[in-house]
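Residue-level structural notes
Each chain, written out:
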Amino acid sequence: MTPDPVPNEQTLVAQLLGEALRQAQGQPGVLVRDVPHLDAAAVLSEMARLLSQDIDLRIAYLNPAAGAEAPAAGISDDVFTTRVEDAEAWRNTRGLHALIVVITESDAAKLTSLEEFVPIGSALLRRFLVERAATEFGEANEVLPRWWTIIGDDDQISFSDLVDYYLALEPLDGPARRDQAALQINRLGLLPDPGFFDNPGERQLRKRLDDNRALALRLANFSEEDRQKVDKALAAETDPARRSELRERLHDLQEYRRGGGLGLSAADARQLLRVKSGTSQPPPASSSGSGEEPPPAPPPPPPPPKNLTALAVENLLSEDGEDDDVGTASLDHAITELRAQLDDINNSTVRPEPVSVNLPSGAQVDEVVSTDVVNLINRLLGDGRYGGLIKCLGGDIASMIRNFQQTGEVLRYWDRDRVDEFLTAFAEQSEAGVQVRDAFDAFDAARNALLPHVGELCVAPLLMTTAAATRSLVPPVVDAYRSLLTTTEQAYGALHEAFGDDARTLVELFMLIDTVFLDNGETVVALLTPLHPLLLWHYNEYTRVIEGQRDLLEPRDRELVRTEFASGGVPFFFASIGVPRLVSEHAPSSLPFSGRAGGLPHFSEQADARDPTDGLRPIRRLAEAYVALEPAAAEGLRLALLEPPDAGTYLSMCCDLADAERLRGAHVTVLRRGQSVGAELNLSGDEERRVQQRFGNHNERRFTFESRRVGTTPTAPPDSLTPHIFVAFDQTERTSVDAGAALQQIQPLANRRRLVYRIGTHSLDLEPALGGILAEY
């Protein structure tokens, strides 16, 4: 029987599921989960067709939205439900011979009671798809069934890729199908090759597959050696049109990694990498046979930059400027590309979003944008707006920022109108006030020139202070802020003498410039915005120091700079931040540095939110050392984490170790002391798919992840857990104290008094007059 036409992925997956259910007749039930492209309408339409063919089914689709699709498909309520309890009742009904079908798009509660049901997942549907393609495509060509058998057994090709590949070929027939089967293999992560099926034997096909994949991986990973080969190949190409075409197609490969089309063919890749046809390995080094000692090998070139900050570091360390990838034009292009991609990000999203920039060589530099932080900053900063006080829900700064989109409330903005109220009054009556006003105007003008780039500063501040197109915008802000502070310090005595406590209020407003305070009702957390002048100073000073000493750095010094920057970033010298009275009368007068959120420093009384990568490097080294000592642990390293800042970081670490062939299995357990058992994974879309590919494989279960709730004490794994490595993250409380002597209380009745109008409160107040016993004070 010829299958119905397949217009899209959802219909194809539904038809494959129908084939699986036909073969499952006689089983008590099946559990369908971890299947991509599930669509309730398409699946229930296929279920209705099975029912019309006298196949007795009971269907539990565990998605409330599916309830509306069942009547539309003609499925009655007596054989359909969206509740797992009904599936359990059917299973326990005596004399019921119908096949019970439980379909879930996620791990629903109570599914453990149905574990005896036959699982239907991507692996089983993959087999039906391969059989279908081999039968359908084999009518006119014998090589395609053999090819589909090969890729069907290839673990590096996902089920979703096979679905996409099938749908691209299904509408075609005859020679066109065979030709397109060779040109559409980019959908499988390979390079199009018109001669792919010239040698149709199984051994030849497998060899071509391995060689093609090696070429694609070399261009995707792009080592320094391969980059030099590509540069030489492009320089050797005498036809300008052909050279331009190769450059564009090399960029296409990088775009394909994010889902775009692919124009780079296998022949193009061989030309770029100078690989002979039929092999993707670099030629072995020839021996001179002269018996002389070969000259010492030059130091290995630095690896290509992996992110935008590493790109800026390589630019600072570059001596000759001949490398186009880290040259001035490349950095300016990266700034332009980054800004364009930030403009495209939805301002309502809170999950990390990937961005990427293609370098002149074709290499791709990736970065992840903390969109929740960027959106918060965009809302609180602007022309004449310098931050604010937010009331929001959450136990730490990460959850506060994430909840700001839905539940956050801006209690007060720090704005120019408030500052001008004081500056205007002071300037009208005091020359010192005029000087402070002029200094503030100069600072605000410099800040406004940098303001359009606040998004780029959130993502890659070092790139902003290094790129020629933007670096000139940063020093004026730092210098104008320094001048403002110096002028205010010199004028403060005269201002306080004339205006009393209002002078202090003005200083507090200056302290609030480009800070955000978040209040959850129990604690106050401070966050520096990317425009904070003292934060900009860190990056500007780092750039200046490295450039000034660049010619003096030895190769090992340069490697030290790269290593230290990769592990810790730009050194940060803030130990604490003051909390003015304008923020809260109940908060401590200062908050210690607690870590970073989305790259921005934050300050709080407790170490309840850290950089998600804090401690990642030593834990990875510990895991590698443990596996080296106990090789059997590589089959399933058991890692237990007590209150990690972000569990997703360690799942990605396990995937990295698996990609490097250090691990073949891992079992990660997150231990939480709070009421909630779940562990939120703050991953980008691309990284989430990568983690899901390993940890979501419920058939092999070589990689698993679970979250448990444990008591408050002791700091040790529970008795039922026996990990290879147990990591307890610091949860101790941080405290802050005032620097200097205790505050003195002035008793107005001990001296002459005077009435004074307070601009800050718009009220009259009584304060000690000048002179008398408190004059020296």
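Residues numbered from 1 in each chain as written. Predicted model: local features only at pLDDT ≥ 70, side-chain atom pairs only at ≥ 80, totals over all residues. Heavy atoms only, no water.

**As for the packing of helix α1 (residues 9-23) against helix α7 (residues 159-169)**
For the record, the criterion: Helix axes are fitted to C-alpha atoms over the stretch in contact, other axes to C-alpha atoms as well, and angles between N-to-C directions run from 0 to 180 degrees. In this text, helices come from DSSP runs of H or I with a minimum length of four residues, and strands from runs of E with a minimum of two, each type numbered from the N-terminal end. The cut-offs work like this: below 35 degrees is roughly parallel, past 145 is roughly antiparallel, 65 to 115 is roughly perpendicular, and the gaps in between are oblique. A contact between two residues is defined here by any heavy atoms of the two lying within 4.5 Å. Note that Gly is not counted as nonpolar here; it falls among the polar residues with everything else outside the nonpolar set of Ala, Val, Leu, Ile, Met, Phe, Trp, Tyr, Cys and Pro and the charged set of Asp, Glu, Lys and Arg.
Two numbers describe how α1 lies on α7: the axes approach to 10 Å, and their chain directions differ by 110°. By the criterion of interaxial angle, the relationship of α1 to α7 is roughly perpendicular. Two secondary-structure elements touch here, α1 through E9, L12, V13 and L16 and α7 through F159, V163, Y166 and L167. Split into classes, the residues belonging to the contact of α1 with α7 amount to seven nonpolar, no polar and one charged.

**Looking at the side chain of R447**
Counted only if it meets this: Between N or O atoms, a polar contact is any pair within 3.5 Å; within protein, one atom must be a potential hydrogen donor and the other a potential acceptor, and residues adjacent in sequence are included only when both atoms are from side chains.
Tracing the sequence through the fold places R447 in helix α18 (residues 431-450). A polar side-chain atom of R447 sits 3.0 Å from the main-chain carbonyl oxygen of R385. The residues contacting R447, other than those within four sequence positions of it, are L381, G382, R385, Y386, V477, D514 and L531.

**Brief notes about the pairing of strand β9 (residues 385-391)**
The condition that has to hold: To sort residues, take the accessible area from a 1.4 Å probe on protein chains only and compare it with the maximum for the residue type: under 20% means buried, over 50% means exposed, and anything in between is partly exposed. When DSSP finds two or more bridges between a pair of strands, those strands are recorded as paired.
Burial within β9 is extensive, with five of its seven residues counted as buried. Bridge analysis of strand β8 (residues 381-382) against β9 gives two bridges, and the strand direction is antiparallel. Bridged to L381 within β9 is Y386. Turn length for the β8-β9 hairpin, with the two strands adjacent in sequence and antiparallel, is two residues, and the turn residue G384 shows positive phi of about 80°.

**Description of the packing of aromatic side chains**
Our working rule: Aromatic rings from Phe, Tyr and Trp, taking only the six-membered ring of Trp, are treated as a pair when their centres fall within 6.5 Å; an angle between ring planes under 30 degrees marks them as stacked, one over 60 as edge-to-face, and anything in between as tilted. By definition here, charges over rings are those cases where NZ of Lys or CZ of Arg is within 6 Å of the ring centre and within 35 degrees of the ring normal.
Inspection of every chain in the model, using the stated rule, returns 15 aromatic pairs. Residues W148 and Y166 carry aromatic rings whose centres are separated by 6.3 Å and whose planes lie at 80° to one another, so their mutual orientation is edge-to-face. Separated by 18 residues along the polypeptide, W148 in helix α6 (residues 143-152) and Y166 in helix α7 bring together distant segments of the chain. Relative accessible area serves as the criterion here: at 0%, W148 is assigned to the buried category. For Y166, a relative accessible area of 0% gives the class buried. Their ring planes at 55° and their centres at 6.2 Å tell us that F440 and F443 sit as a pair that is tilted. With F440 and F443 both in helix α18 and three residues apart, the pair spans about one turn of that helix. With a relative accessible area of 0%, F440 lands in the buried category. In textbook terms, an aromatic cluster arises when at least three aromatic residues are bridged by ring pairs, as seen for Y386, F440, F443, Y481 and F510. Across the ring face of Y413, the terminal group of R385 is positioned such that the distance to the ring centre comes to 3.7 Å.

**Digging into unusual backbone geometry**
Note on backbone geometry: most residues besides glycine have negative phi, and most peptide bonds are trans. For H37, which is not glycine, the phi torsion reads 65° and is therefore positive. Its relative accessible area of 28% is what places H37 among the partly exposed residues. For E661, which is not glycine, the phi torsion reads 65° and is therefore positive. As for its position among the elements, E661 is in the loop between α26 (647-659) and β17 (666-672).

**As for helix α23 (residues 533-549)**
Rules: By definition here, a helix of n residues has an expected span of 1.5 Å times n minus one.
When the terminal C-alpha atoms of α23 are compared, their 24 Å separation across 17 residues agrees well with the 24 Å that a helix rising 1.5 Å per residue should span. Within α23, burial applies to P533, L535, L536, H538, Y539, N540, Y542, T543 and I546.

**A look at the sheet that holds strand β3 (residues 80-81)**
The sheet built from five strands is open, its strands ordered β3-β2-β4-β1-β5 with parallel pairing. Two strands close off the open sheet at either side, each with one partner strand: β3 and β5 (118-120). Both strand β1 (residues 29-32) and strand β4 (residues 99-103) contribute to a ladder of four bridges, which runs parallel. Among the inter-strand pairings, V32 is bridged to a residue of β4, identified as I103.

**Remarks on the environment of L663**
Take L663: it is sitting in the loop between α26 and β17. Once the C-alpha coordinates of L663 and F703 are considered, the two residues, 40 residues apart in sequence, prove to be 9.9 Å apart. Ignoring sequence-local partners within four residues, the contact set of L663 consists of V627, A633, A634, L637, C654, L657 and A658.

**Focus on the sheet that holds strand β18 (residues 703-709)**
An order of β18-β17-β16-β19 is seen for the four strands of this open sheet, with the pairing classed as parallel. Since the sheet does not close on itself, it has two edges, and those belong to β18 and β19 (725-728), each with one partner. Taken over all neighbouring pairs, the strand axes of this sheet differ in orientation by 15° on average, direction set aside. By the bridge criterion, six bridges tie strand β16 (residues 637-642) to β17 in an arrangement that is parallel. By the bridge assignment for β17, L642 is matched with L671.

**A closer look at the confidence of the model for the protein chain**
Detailed reading of the predicted model is not advised wherever pLDDT is low. Going by this rule: What pLDDT expresses is the predictor's confidence in each residue, scored from 0 to 100.
In the predicted model, the protein chain carries a mean pLDDT of 79, and the fraction of residues at 70 or more is 79%. Summarising per-element confidence for the protein chain, the mean pLDDT is lowest in strand β21 (residues 763-768) (60) and highest in α18 (94). Between residues 256-261, whose pLDDT stays under 50, and residues either more than four places distant or in other chains, the model counts 17 contacts. When the criterion is pLDDT under 50, residues 735-751 qualifies, and its contacts beyond four places in sequence or with other chains add up to 20 contacts.

**Digging into helix α21 (residues 474-499)**
Definition in use: The term bend refers to the angle at a residue between two fitted axes, each drawn through seven residues, those ending there and those starting there.
Where α21 bends most, the angle comes to about 50°, and this point is Y492. Along α21, the residues that are buried comprise V474, V477, V478, A480, Y481, L484, T487, T488, A491, L495 and F499. Taken from the residues just after α21, G500 is the one with a positive phi, measuring 60°.

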